[in-house]
Amino acid sequence: MQVGLEAIGVAVPDTYVELADLAMARGVAPGKYVDGLGVTRMGVPLVDEDTVTLAARAARMALESARCSPDDIGLLVVGTETAVDHSKPVASYVQGLLGLSTRCRIFETKHACYGGTAALQLALDWVRSGSAKGRKALIVCSDIARYGVGTPGEPTQGAGAVAMLVSDHPALVVLEAGKTGVYSKDVMDFWRPLYSKDALVDGHYSVQCYLDALEGAYRSYQEAAGDAGGEGAYSDRFAALVYHVPYGKMSRKAHRHLRTLDGDAAPDASFDRLVGHSLVMPSQVGNIYTGSMYLALASLLSSAPEDLTGKRVGLFSYGSGSCAEFFSGVVQDGAQARVKALGLEARLARRRALSIPEYEDVMRAREHLDERPAADAAGSGFRYQGTRDHKRIYAT
Ligand code: HMG
């Protein structure tokens, strides 16, 4: 049985901040953010958007793209590190908004940016084991990345969700059973204490932790695949490499490290060929935590000019704290056309730029969103309206 991604959906906020504007407001050379970090724009959600609304919008796109009925879903997991409640999972809100069946197993996973991959691997095994009994899994990665205003992490924020329909009809990408390498280690590189809306990070240390995890997971993948050795760089067995993208430069550092492990004396030379297309959309959206690597995969499938049919793609997911996984998939016939048909680039182009004062106002307002009284207006289209009797209210 072949199992993998049948469809994907992507949701990003309707508004963004231009990184060059942010740099000027912070007294930093724009080149540092745009070239030094490799980010042009970062998605910033207004007050009617949260992790739930992003997840629901992405999930709806995935279901519609596969013409899948809500009743076909037997497992819904939302991976997030920016949940909206200590107890009720984002997945339950999504179930309600999408009208999924009551005969569906539903929960939330957390492990920093790795939470979505943990959910995806579980879903793959659920389908492979036969427990799915013909039904599909819906895995949603949804987050709003937030660091303190004026901190080094500020230009690496972002927001968005990626939903993946996982089934034994993997029209987009077959994910290869058994070909996966894991690395985990207790490190304090990035965290968010329970009392804080802003993430805290030991920035340069987090970069080193990411690279150490990449090395461990890549080695572990080669052992699992049992095909190390042979001529040339091991990573040339992949037509593309998709790394977790907290910011574009991190993918460049990751690729340099991986090619150095391969014994490549010119480790940057293959960057544009193997990695470039995966960074088109992330550079416009910023870090979306759990969804970042999957947005990069969507970017690859949507923007790579060459036909990737039948080609192998390497995927590296990293979550601070830490857990990482290197795994691989094979692109299916028609996958690129299906992802292009989602019109993701056009959606990104339609967003509105926020001025820096507008952005700072939104950041302040978001601190109190959990207690905001619900607006009277009915609204529509999966929008957060506020709370009533301590319950979150969403417009459907
Ligand atoms: P910083 O210390 O302010 O920046 O913050 P820097 O001084 O390291 O400069 C950044 C780059 O810009 C450097 O390039 C400079 O040379 C260059 P590099 O040496 O790295 O190649 N630069 C310029 N380039 C062109 N023109 C100029 C210019 N000036 C400087 N004028 C840092 C950087 C990443 C530390 C900060 O943004 C941060 O803390 N970000 C958040 C943490 C993060 O994203 N870590 C990534 C690894 S951990 C991870 O991915 C997990 C995560 O997603 C969370 C999760 O799992 O949930 C974060």
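Predicted, not measured: the structure shown is a model, and the values here were computed from it.

1. Quick word on the overall build of the protein chain
Consideration 1: Assigned secondary structure in the protein chain consists of 13 helices and 16 strands.
Consideration 2: In terms of C-alpha radius of gyration, the protein chain reaches 20 Å, essentially the compact-globule figure of 21 Å for 396 residues.
Consideration 3: When each of the 396 residues of the protein chain is scored for burial, the buried share is 57%.
Consideration 4: Put simply, of all contacts in the protein chain between residues at least 6 apart along the chain, 74% involve residues at least 24 apart.
Consideration 5: Accessible surface computed for the protein chain: about 15,900 Å², of which carbon and sulfur atoms make up 51%.

2. A look at the UniProt feature "domain: Hydroxymethylglutaryl-coenzyme A synthase N-terminal" (unreviewed entry) in the protein chain
Consideration 1: UniProt's entry tags residues 2–167 with the feature "domain: Hydroxymethylglutaryl-coenzyme A synthase N-terminal" (unreviewed entry), counted in the numbering of this structure.
Consideration 2: Within residues 2–167, the helical portion is 31% and the strand portion 28%, while the C-alpha atoms at the span's ends are 9 Å from each other.

3. Remarks on the UniProt feature "domain: Hydroxymethylglutaryl-coenzyme A synthase C-terminal" (unreviewed entry) in the protein chain
Consideration 1: Following the UniProt record, the feature "domain: Hydroxymethylglutaryl-coenzyme A synthase C-terminal" (unreviewed entry) maps to residues 173–259 and 270–369 here.
Consideration 2: Here residues 173–259 runs as 40% helix and 23% strand, with 24 Å between its end C-alpha atoms.
Consideration 3: Along residues 270–369 one finds 43% helix and 19% strand; the C-alpha atoms at either end are 45 Å apart.

4. Digging into the pattern of salt bridges
Consideration 1: Per the stated rule, a full pass over the model turns up 23 salt bridges.
Consideration 2: Note that Glu 18 and Arg 41 form a salt bridge whose closest N and O atoms lie 3.3 Å from each other. With Glu 18 in strand β2 (residues 15–18) and Arg 41 in strand β3 (residues 41–43), this pair connects stretches of sequence that are 23 residues apart.
Consideration 3: Of the charged contacts in the structure, one is a salt bridge between Lys 197 and Asp 370, with a shortest N-O distance of 2.7 Å. Of this pair, Lys 197 sits in the loop between β9 (190–191) and β10 (200–201) while Asp 370 sits in the loop between α13 (356–366) and β15 (383–388), placing them 173 residues apart in sequence.
Consideration 4: Of the residues examined, Lys 197 reaches a relative accessible area of 36% and is grouped as partly exposed.

Criteria and cut-off values
- Residues numbered from 1 in each chain as written.
- Predicted model: local features only at pLDDT ≥ 70, side-chain atom pairs only at ≥ 80, totals over all residues.
- Heavy atoms only, no water.
- Helix = DSSP H or I, 4+ residues; strand = E, 2+ residues; numbered from the N terminus.
- Rg over C-alpha atoms; globule rule 2.2 N^0.38 Å.
- Buried < 20%, exposed > 50% of the residue type's maximum accessible area, 1.4 Å probe, protein only.
- Contact = heavy atoms within 4.5 Å.
- Areas by Shrake-Rupley, 256 points an atom, 1.4 Å probe, with all protein chains shown as cover.
- UniProt positions renumbered as here; feature names shortened; annotations may be inferred.
- Salt bridge = Lys/Arg side-chain N within 4 Å of Asp/Glu carboxyl O.

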